[in-house]
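Commentary on secondary and tertiary structure
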Amino acid sequence: MNPYLQQLQPYPFAKLAKLKAGVEAPTDLPHIALSIGEPKHTPPAFVRDELIENLDKLSAYPVTKGLDPLRETIADWLSQRFKLQGVNAESQVLPVNGTREALFAFAQAVVSPGSQVLMPNPFYQIYEGAALLAGASPYFLNCAAETDFKPDFASVPDSVWQACDLLYICTPGNPTGALLSIDELKQLIALADKFDFIIASDECYSELYFDESAPPTGLLEACAELGRNDFQRCVVFHSLSKRSNLPGLRSGFVAGDAEILEKILLYRTYHGCAMPVPTQFASVAAWQDEQHVQQNRELYRQKFDAVLDILDGCLNVTKPEASFYLWPRVGDGETFTRELFRQQNITVLPGAFLARKANGINPGADYVRMALVATLEECVEAAKRIRSFCR
């Protein structure tokens, strides 16, 4: 067996199941799950229709590089969304089966054994697993209130940057919703140039924001402002899961540095993970439409406004800059989670399960993550129960 497998920790939801084991929730209260970041809004009907209309194409092997119309549609979307000039659909875009698969595979292709892979802490656990199975060492950058829940890049010594092959960033952040500014992204690009590492920007929450006039900045947008239209050392990951409520479609893309993407395509060709042709046609339809995305954001705005109004004064929580998560400080996240389930039949996720101990602390230990993915009515009911629990 691969010896690196022994370094993997149980996934957060396995830890959550163990935490809840033997705890009896009240049977007179319907269960409300706020633990998993799985969108529950209705997927666009036209995407489903496009999928059905192309089912006859299941008889053909898909090519790993993806169909020209899909890559061209993604290039157009990137250009419009992030004010880019001349994204090359042939060499700078690669469709993938969701960002989870791509974020993991990316490290296997670009990381040298024995190197360092830097990542935010708390983090999406795929980053850590990808680093470990590539034979690298994860280096955790604590995201604390003191740094506005952004990674503490200033604390990283030069010796770590010199050993770094890959830096994972997540903006908007999971679980905090924090955004990296365009100036901060430019500073990271300068560090990548100085120390010769790659930046992988997980931007799968980029379309879940509250101010229609101020969408979050992306890494390629920072590149463009610097005149780096080759996106050297920079790669972004986007998905239809959150943007379009299509987690089951398993559709996303990687875009950026053409030289890096050439190697990723080679890896994926052997990996055998080409996107099915009907899925590609459905994805074209989804990326071409913004109306359903705006409606999606409005549903989240309604939920955040209602929930935060109810929780005001009883829970230490603020509205995030983006994403669909709340990140309240509760003192002991594991105890809060277990007792909330016991008393109110609501499941949240302890922040400690999303982080690792670094610099003497687990930066998630005092927090829980709440995903406002249920219906407005369920979220309001959950907020009322949480208020009762806290009081």
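All residue numbers refer to positions counted from 1 along the written sequence of the respective chain. Only residues with pLDDT of at least 70 are given local features in this predicted model, and only at 80 or more are side-chain atom pairs given and counted; all residues enter the totals for whole chains, interfaces and linings. Side-chain measures were taken over the full set of non-hydrogen atoms in the model, leaving aside hydrogen atoms and water.

Here we look at the overall build of the chain
Condition: Secondary structure elements follow DSSP: runs of H or I no shorter than four residues count as helices, runs of E no shorter than two count as strands, and numbering proceeds from the N terminus. Radius of gyration: over C-alpha atoms. The globule rule applied is 2.2 Å multiplied by the number of residues raised to the 0.38 power. Exposed residues in this analysis have more than 50% of their type's maximum accessible area, buried residues have under 20%, and partly exposed residues fall in between, with area computed by a 1.4 Å probe over protein chains only. Contacts are residue-level and defined by heavy atoms, with any inter-residue pair within 4.5 Å sufficient. Working definition of accessibility: Shrake-Rupley area with a 1.4 Å probe, residue cover restricted to the visible protein chains. Neither His nor the chain termini are counted; the positive set is Lys and Arg, and the negative set is Asp and Glu. By convention, charge coordinates are those of NZ in Lys, CZ in Arg, CG in Asp, or CD in Glu.
Per the secondary structure count, the chain includes 14 helices and 12 strands. Against the globule reference of 21 Å for 391 residues, the chain gives a C-alpha radius of gyration of 21 Å, in line with a compact fold. With the C-alpha coordinates of the chain rotated into their principal frame, the extents come out at 55 × 55 × 45 Å. When burial is assessed residue by residue, the chain has 57% of its 391 residues classed as buried. For the chain, long-range pairs separated by at least 24 residues make up 75% of all intrachain contacts whose partners lie at least 6 apart in sequence. If you sum the accessible surface of the chain, you get close to 16400 Å²; carbon and sulfur atoms cover 50% of it. Of the charged side chains in the chain, 35 are positive and 47 negative; the average position of the first set lies 5 Å away from that of the second.

Observations regarding the pattern of salt bridges
This is how it is decided: A side-chain nitrogen of Lys or Arg and a carboxyl oxygen of Asp or Glu constitute a salt bridge if their distance falls within 4 Å.
One pass over the full model with this rule turns up 23 salt bridges. A salt bridge links Asp-68 to Arg-71; the nearest nitrogen and oxygen atoms lie 2.7 Å apart. In this pair, Asp-68 and Arg-71 both sit in helix H3 (residues 68-82), 3 residues apart, roughly one turn of the helix. A salt bridge links Arg-71 to Glu-90; its shortest N-O distance comes to 3.0 Å. Of this pair, Arg-71 sits in helix H3 while Glu-90 sits in the loop between H3 and strand S2 (93-96), and the two are 19 residues apart along the sequence. By relative accessible area, Arg-71 is classed as buried at 3%. Of the residues examined, Glu-90 reaches a relative accessible area of 45% and is grouped as partly exposed. A single network of salt bridges, built from pairs that share partners, joins Lys-65, Asp-68, Arg-71 and Glu-90.

Examining the packing of aromatic side chains
Worth spelling out the cut-off: Only the six-membered ring of Trp is used, alongside the rings of Phe and Tyr, when aromatic pairs are assigned; centres must lie within 6.5 Å, and planes under 30 degrees apart are stacked while those over 60 apart are edge-to-face, with the rest tilted.
Inspection of every chain in the model, using the stated rule, returns 18 aromatic pairs. Between Phe-149 and Tyr-367 the ring centres are 5.9 Å apart and the planes differ by 90 degrees, which places this aromatic pair in the edge-to-face class. With Phe-149 in the loop between strand S4 (137-142) and helix H6 (158-163) and Tyr-367 in the loop between strand S11 (349-350) and strand S12 (368-371), this residue pair connects regions lying 218 residues apart in the sequence. On the accessibility criterion, Tyr-367 (7% relative accessible area) is buried. Taken together, a centroid distance of 5.0 Å and an interplanar angle of 0 degrees make the contact between Trp-327 and Tyr-367 stacked. Taken together, the residues Trp-327 in the loop between strand S9 (325-326) and helix H13 (333-344) and Tyr-367 in the loop between S11 and S12 connect sequence positions 40 residues apart. When sorted by exposure, Trp-327 lands in the same class as Tyr-367, which is buried.

Overview of the nonpolar core
The cut-off we apply is this: The nonpolar core is taken to be a set of buried Ala, Val, Leu, Ile, Met, Phe, Trp, Tyr and Cys residues, with the residues joined through side-chain atoms within 4.5 Å.
Counting residues in hydrophobic clusters, the biggest one holds 46 residues, and the most contacted among them are Leu-78, Leu-167 and Ile-199. Among the elements of the structure, H3, H6, strand S5 (164-170), helix H7 (182-195), helix H8 (219-225), strand S7 (234-239), strand S8 (252-256) and helix H11 (277-287) are those that each provide at least two residues to this core. Ignoring anything within four residues of it in the chain, the contact list for Leu-78 reads Lys-83, Leu-84, Val-87, Val-93, Phe-253 and Ala-255. Residues Tyr-205, Phe-336, Leu-372 and Phe-389 belong to the second largest nonpolar core, which totals 33 residues.

A word on the sheet that holds S8
This is how the line gets drawn: A pair of strands counts as paired when DSSP detects no fewer than two bridges linking them. Here an angle of 0 to 180 degrees is reported between the N-to-C directions of two axes, which are lines fitted to C-alpha atoms, with helices fitted over the stretch in contact.
Spatially, S2-S8-S7-S6-S5-S3-S4 is the arrangement adopted by the 7 strands of the open sheet, whose pairing is mixed. The strands lining the two open edges of the sheet, one partner per strand, are S2 and S4. On average, adjacent strands in this sheet sit at an angle of 20 degrees to one another, irrespective of strand direction. This element, helix H5 (residues 125-133), spans strand S3 (116-121), S4, S5 and strand S6 (198-202) of the sheet and lies at about 165 degrees to S3. Helix H10 (residues 258-271) contacts S2, S6, S7 and S8 of the sheet and is inclined by roughly 35 degrees relative to S2.

A look at the pairing of S8
Of all 5 residues making up S8, 5 are buried, and the element is well covered by its neighbours. Burial along S8 is two-sided: Gly-252, Val-254 and Gly-256 facing one way and Phe-253 and Ala-255 facing the other are all buried. As paired elements, S2 and S8 share 4 bridges and run antiparallel to each other. In the strand pairing of S8, Leu-94 is matched with Val-254. Relative to S8, S7 is paired through 5 bridges, and the arrangement is antiparallel. Across the sheet, residue Val-235 finds its bridge partner in S8, namely Gly-256.

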